[in-house]
Amino acid sequence: MRYAILSMNALILSEYKRFTIEDLPVPQCGPSDVLVQVAACGICGSDVHGYDGSSGRRIPPIVMGHEAAGIVTAVGSEVRSVAIGDRVTFDSTVYCAKCEFCLRGEVNLCEDRQVVGVSCGEYRRAGAFAEYIAVPEYIVYRLPPTLTFADAAMLEAVSVALHAVKLSHIEAGETALVIGTGMIGLLVLQAARVAGCSRVYVADVDATRLKMAATLGADETLLVSDCDVVREIHRLTNGRGVDVVVEAVGRNETVATAIDCVRNGGTVTLVGNIASDVSIPLQKVVTRQIRLQGSCASAGEYPQAMELVSSGKIKVAPMISAIAPLRDGPRWFERLYAREPNLMKVILDPREPGQSA
Ligand SMILES: NC(=O)c1ccc[n+]([C@@H]2O[C@H](COP(=O)([O-])OP(=O)(O)OC[C@H]3O[C@@H](n4cnc5c(N)ncnc54)[C@H](O)[C@@H]3O)[C@@H](O)[C@H]2O)c1
Ligand SMILES: [Zn+2]
Ligand SMILES: [Zn+2]
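Presented here is an overview of the structure given in this document.

Re the packing of helix 7 (residues 229-236) against helix 8 (residues 252-261)
- The N-to-C vectors of helix 7 and helix 8 enclose an angle of 25°; their axes lie 9 Å apart at closest approach. Between helix 7 and helix 8, the interaxial angle falls into the category roughly parallel. Helix 8 is crossed by helix 7, and the crossing has right-handed handedness. Of the residues in helix 8, those in contact with V229, V230, I233 and H234 of helix 7 are T257, D260 and C261.
- In terms of residue class, the contact of helix 7 with helix 8 is built from four nonpolar, two polar and one charged.

Considering the sheet that holds strand 16 (residues 262-270)
- One open sheet accounts for six strands, arranged 14-13-12-15-16-17; its pairing is parallel. Edge strands, defined here as strands with exactly one partner in the open sheet, are strand 14 (220-223) and strand 17 (291-294). Going across the sheet, the axis of each strand differs from the next one's by a mean of 20°, ignoring polarity.
- Pairing between strand 15 (residues 242-247) and strand 16: five bridges, direction parallel. Among the inter-strand pairings, V245 is bridged to a residue of strand 16, identified as V268.

Digging into the site of ligand 1
- Looking at ligand 1, there are 23 residues lining it, with I184, D204, N273, S295 and A297 nearest.
- Note that an oxygen atom of ligand 1 is positioned 2.9 Å from one of the backbone N or O atoms of I184.
- Note that an oxygen atom of ligand 1 is positioned 2.5 Å from one of the side-chain N or O atoms of N273.
- For ligand 1, whose accessible area on its own is 860 Å², the fraction buried by protein is 76%.

Considerations on the coordination of the zinc ion (ligand 2)
- Every protein donor of the zinc ion (ligand 2) is accounted for by C44 (SG), H66 (NE2), E67 (OE) and E156 (OE), and the metal-donor separations fall at 2.1 to 2.4 Å.
- Counting residues between consecutive donors of the zinc ion (ligand 2) along the chain gives the motif C-x21-H-E-x88-E. Placement of the pair is C44 in the loop between strand 3 (33-43) and helix 1 (45-51) and E156 in helix 4 (residues 155-167), with a sequence separation of 112 residues.

Observations regarding the coordination of the zinc ion (ligand 3)
- Bound to the zinc ion (ligand 3) are the protein donor atoms C96 (SG), C99 (SG), C102 (SG) and C110 (SG), situated 2.3 to 2.4 Å from the metal.
- Around the zinc ion (ligand 3), the four donor atoms sit at angles spanning 103 to 117°, and that spread fits a shape best called tetrahedral.
- Look at C96 and you get partly exposed, because its relative accessible area is 23%.

Structural notes on the pairing of strand 1 (residues 7-15)
- As judged from the eight bridges shared by strand 1 and strand 2 (residues 18-25), these two strands associate in the antiparallel manner. The residue of strand 2 that forms the bridge with L11 is I21.
- In sequence, strand 1 turns back onto strand 2 through a hairpin of two residues, with K17 there showing a positive phi of about 65°.

Digging into helix 6 (residues 207-215)
- Three or more residues of helix 6 are buried, namely R209, L210 and A213. Down the axis of helix 6, the buried set is contained in an arc of 100°. They therefore lie on one face. When the buried face of helix 6 is taken as reference, the exposed residues oriented beyond 90 degrees from it are K211 and T215.
- Among the structural elements, helix 5 (183-194), strand 13 (199-204) and strand 14 are those in contact with the buried residues of helix 6.
- Its side-chain oxygen 2.9 Å from the backbone nitrogen of T208, D206 forms the N-cap of helix 6.
- Once helix 6 ends, the next one or two residues include G217, with phi positive near 110°.

The rules we used
Residues numbered from 1 in each chain as written. Chains lettered and ligands numbered in written order. Predicted model: local features only at pLDDT ≥ 70, side-chain atom pairs only at ≥ 80, totals over all residues. Heavy atoms only, no water. Axes fitted to C-alpha atoms, helices over the stretch in contact; angles between N-to-C directions. Helix = DSSP H or I, 4+ residues; strand = E, 2+ residues; numbered from the N terminus. Parallel < 35°, antiparallel > 145°, perpendicular 65-115°, else oblique. Left-handed = near helix turned anticlockwise from the far one by under 90°. Contact = heavy atoms within 4.5 Å. Nonpolar A, V, L, I, M, F, W, Y, C, P; charged D, E, K, R; others polar. Pairing = 2+ DSSP bridges. Near = heavy atom within 4 Å. Polar contact = N/O pair within 3.5 Å; in protein donor to acceptor, adjacent residues only side chain to side chain. Areas by Shrake-Rupley, 256 points an atom, 1.4 Å probe, with all protein chains shown as cover. Donors = N, O, S within 2.8 Å, 3.2 Å for Na, K, Ca; no water. Tetrahedral: all angles 85-135°; square planar, octahedral: opposite > 155°, others 65-115°. Buried < 20%, exposed > 50% of the residue type's maximum accessible area, 1.4 Å probe, protein only. Arc of directions from axis to C-beta.

By themselves these figures say nothing about function.
And the structure:
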């Protein structure tokens, strides 16, 4: 190991709804690990849900943060694909590479899956709201020079959207409805366009979000309080319904709307998971032969996500609300937790001022 820095600043969730900034030892870099100096790490919705203990997936004490990018500062003896000084990002999922699912490329379904920055009782894995993080080489990707660190912190969410669209099996010329134009929905909208959708409709309860969706290419924006989404979709599709609905909210009523808006034999891809249970109109799903497809995280979509963001085919800048130093993290968590309007992705930069290469 060729670094002399022994301790680092880290943002620790020391108890629910309480952060401390502490001096921690720089993580050990094993033979197949890469030590990354974090330059950007996004606050994910799942971090905000972990913050108050409601999800049970951020049991304190934990350094959260899994949407990160930075600079390689040390590599283990077996590491070949990246070198000190490389600008990199990494997948949030650490997988075993040996189980049935990993061997099929479904690494998001790994029996031994761990997510960076999560502690859930079965494991605790330090995340990237810290100056340094050590991650296995096989989840690390070198960044193209055109991507900023902040763009790169959005790649996890872009991969989630690409994965959901991939599982939806969209054919060129098909129509889609995206329910929920939060960060994931806005990325799904763009990913559906890339997949060749002829028309993409979106629905949300928030007019500001819909406005953003319009600038990102939505053909029709439906404000839930203003119109009957199901009737409007049937009007727009001559009574047929859309080929694919991607549900990116995760509530009972939005899942019901999704099923009512899809055509016979169409696909509803379920990405949203705010509610743990929803009821399914079984007769409709069975008799109209609707395919309900769950989608979890991503499995190998990072390279495609990097290409689409660097070529501008998927835009992430409109979703970045703020870039702030790590020490301001507690304040940003509070604002996100309080659901301050018009906040989407907040990115923390743990580097000292002046290090913004
Ligand atoms: N499956 C996965 O891998 C995965 C990954 C990331 C996020 N998620 C889930 O996806 C969902 C969206 O995440 P996000 O980060 O975009 O959240 P977000 O809060 O940014 O967006 C949610 C959007 O849904 C809208 N909404 C709320 N109620 C609605 C309703 N009744 N009808 C229509 N729109 C409504 C909100 O106005 C908001 O724009 C969440 O449930 C999240 O947990 C799943
Ligand atoms: Zn995330
Ligand atoms: Zn596995």
